[in-house]
Amino acid sequence: MSLATRNGTGSVDAPVNPPKVVRQRRVRPGLLGLAVLLIALGGLGAAFAVTSVRATGSYLAVARPVEVGREVTAADLITVQVAGGQGLRPVPAGRLDEVVGKRAAVTLVPGTLLTLGQITDNPLLGPDQQQIALGLKTAQVPARQLHPGDKVLLVSTPDRSNTGDPAAAGTRFPATVIDMVSPANDDKVLYLALPTRDVPAVVALTAQARIAVVLTEAA
């Protein structure tokens, strides 16, 4: 590069600034590999989520009502397709033969998926026990929903018309809950395993609306 001087002596070469060298940042191989790994894992996670949502399995569902204690038959069940199903533990359709012949541990409601906890091989009634169904008002049972296996006391309430009735003193009858259902009228139907000797007295007290239920031990 040349510049002209003021006295006309001619041009002289002006110094030229050297070009700036920009240092390139070195990319650490470890960080680059980590970034690639995270991208790959993100893609796999997205693919797994889509697959989980779209995955469909065949499971057993209840086709018609099955009362507590009754044996489950193939006609009581249907096969349904369920997508996802996370958090659920329904019985796979391939285990139908394992289910048929077992007894309902609770009332099986049509349209619901069947779980292993709803059926049992164990006898619902012990020696010298009978099953009894009590139709009770909401005020006669504990506020907590009763479950199979709960221990309760059936307590007789006083008969104001007969003070000489021995049951008026609050006779207690121990029982075990088999199931409890709530009909549309908001009453309660309580299925109990009761010692055979107590059944006649409890039936008579129930007919007189003189039974209250006390929860003593939760299952």
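Residues numbered from 1 in each chain as written. Predicted model: local features only at pLDDT ≥ 70, side-chain atom pairs only at ≥ 80, totals over all residues. Heavy atoms only, no water.

1. Focus: helix 3 (residues 199–207)
For clarity, the cut-off: A 1.4 Å probe rolled over the protein chains alone gives each residue an accessible area, and that area as a share of the maximum for its type sets the label: buried under 20%, exposed over 50%, partly exposed in between. By the criteria applied, helices consist of DSSP H or I runs no shorter than four residues and strands consist of E runs no shorter than two, each listed in order from the N terminus. The directions from the helix axis to the C-beta atoms form the arc being described. We call two residues in contact whenever any of their non-hydrogen atoms come within 4.5 Å of each other.
Within the sequence span of helix 3, burial applies to Val199, Val202 and Leu205. One face of helix 3 carries all of its buried residues, which in axial projection span an arc of 135 degrees. Facing away from the buried surface of helix 3 by more than 90 degrees, the exposed residues are Pro200 and Ala207. Packing partners of the buried residues in helix 3 comprise strand 7 (129–136), strand 8 (151–156), strand 9 (172–181), strand 10 (188–195) and strand 11 (211–217). Looking one or two residues past helix 3, Ala209 carries a phi angle of roughly 60 degrees, positive in sign.

2. Points about the sheet that holds strand 9
Applicable threshold: The criterion for strand pairing is that DSSP finds at least two bridges linking the strands in question. Here the axes come from fitting lines to C-alpha atoms, over the contacting stretch only for helices, and the angles between their N-to-C directions go from 0 to 180 degrees.
On the basis of which strands lie adjacent, the open sheet formed by five strands has the order 7-10-9-8-11 and antiparallel pairing. A single partner strand is all that each edge strand has here, and the edge strands are strand 7 and strand 11. The mean angle between the axes of side-by-side strands here comes to 40 degrees, regardless of whether they run parallel or antiparallel. Where strand 7 lies against strand 10, eight bridges are found, and the strand directions are antiparallel. Of the residues in strand 10, the one forming a bridge with Gln129 is Pro195.

3. Describing the pattern of salt bridges
It is possible for side chains bearing opposite charge to pair when their charged atoms get close. This is how it is decided: One side-chain nitrogen of Lys or Arg within 4 Å of one carboxyl oxygen of Asp or Glu is enough to make a salt bridge.
A full pass over the atoms with the stated rule returns seven salt bridges. Here Glu67 makes a salt bridge to Arg70, at a shortest N to O gap of 3.1 Å. Under the relative-accessibility criterion, Glu67 is labelled partly exposed at 46%. Residue classification places Arg70 among the partly exposed residues on the basis of a relative accessible area of 31%. We note a salt bridge from Asp121 to Lys102, for which the minimum N-O separation is 3.9 Å. Residue Asp121 is found in the loop between strand 6 (119–120) and strand 7, and its partner Lys102 is found in the loop between helix 2 (96–99) and strand 5 (103–104); the two are separated by 19 residues along the sequence. In this structure Lys102 comes out as partly exposed when scored by relative accessible area, which is 23%.

4. Brief notes about the pairing of strand 10
With respect to burial, strand 10 is a largely interior element, six of its eight residues being buried. Here strand 9 pairs with strand 10 via five bridges, running antiparallel. Residue Thr176 lies in a different strand from strand 10, and its bridge partner there is Ala193. Once strand 9 ends, the chain turns through six residues before running back antiparallel as strand 10, passing Asp186 with a positive phi of about 75 degrees.

5. What to know about the layout of surface pockets
Counted only if it meets this: Two kinds of site are reported from a 1 Å grid over the protein atoms alone, namely cavities, where a 1.4 Å probe fits but cannot get out, and pockets, open sets with protein on both sides within 12 Å along at least five of seven lines, and residues are called lining when an atom falls within 4 Å of a point. Grid points are joined across faces, edges and corners, and a volume is the space filled by probe spheres set on the points. In this classification, the charged set is Asp, Glu, Lys and Arg, the nonpolar set is Ala, Val, Leu, Ile, Met, Phe, Trp, Tyr, Cys and Pro, and all remaining amino acids, among them Gly, are polar.
As a volume, the largest pocket reaches approximately 200 Å³. Leu124, Pro148, Gly149, Val177 and Ile178 are the residues nearest the centre of the largest pocket, which is lined by 14 residues in total. Element by element, the count of residues in the lining of the largest pocket is highest for strand 9, at three residues. Classifying every residue of the lining of the largest pocket gives seven nonpolar, six polar and one charged.

6. Here's the deal with the nonpolar core
Selection rule: Here the nonpolar core consists of buried residues drawn from Ala, Val, Leu, Ile, Met, Phe, Trp, Tyr and Cys, with membership extended through side-chain atoms lying within 4.5 Å.
Formed by 19 residues in total, the largest nonpolar core has its most connected members in Leu134, Leu154, Leu190, Leu192, Leu194 and Val213. Considering each element in turn, this core owes the most residues, four residues, to strand 9. Excluding its chain neighbours within four sequence positions, the residues that come into contact with Leu192 are Gln130, Gln131, Ile132, Leu134, Val152, Leu154, Ala175, Thr176, Val177 and Ile178. Grouped together as the second largest cluster of nonpolar side chains are twelve residues, Val72, Val91, Ala104 and Leu108 included.

7. A word on the environment of Gly170
Here Gly170 is to be found in the loop between strand 8 and strand 9. Between the C-alpha atoms of Gly170 and Pro158, which are twelve residues apart in sequence, the distance is 6.9 Å. Residues contacting Gly170, with those up to four places away along its chain left out, are Val155 and Ser156.

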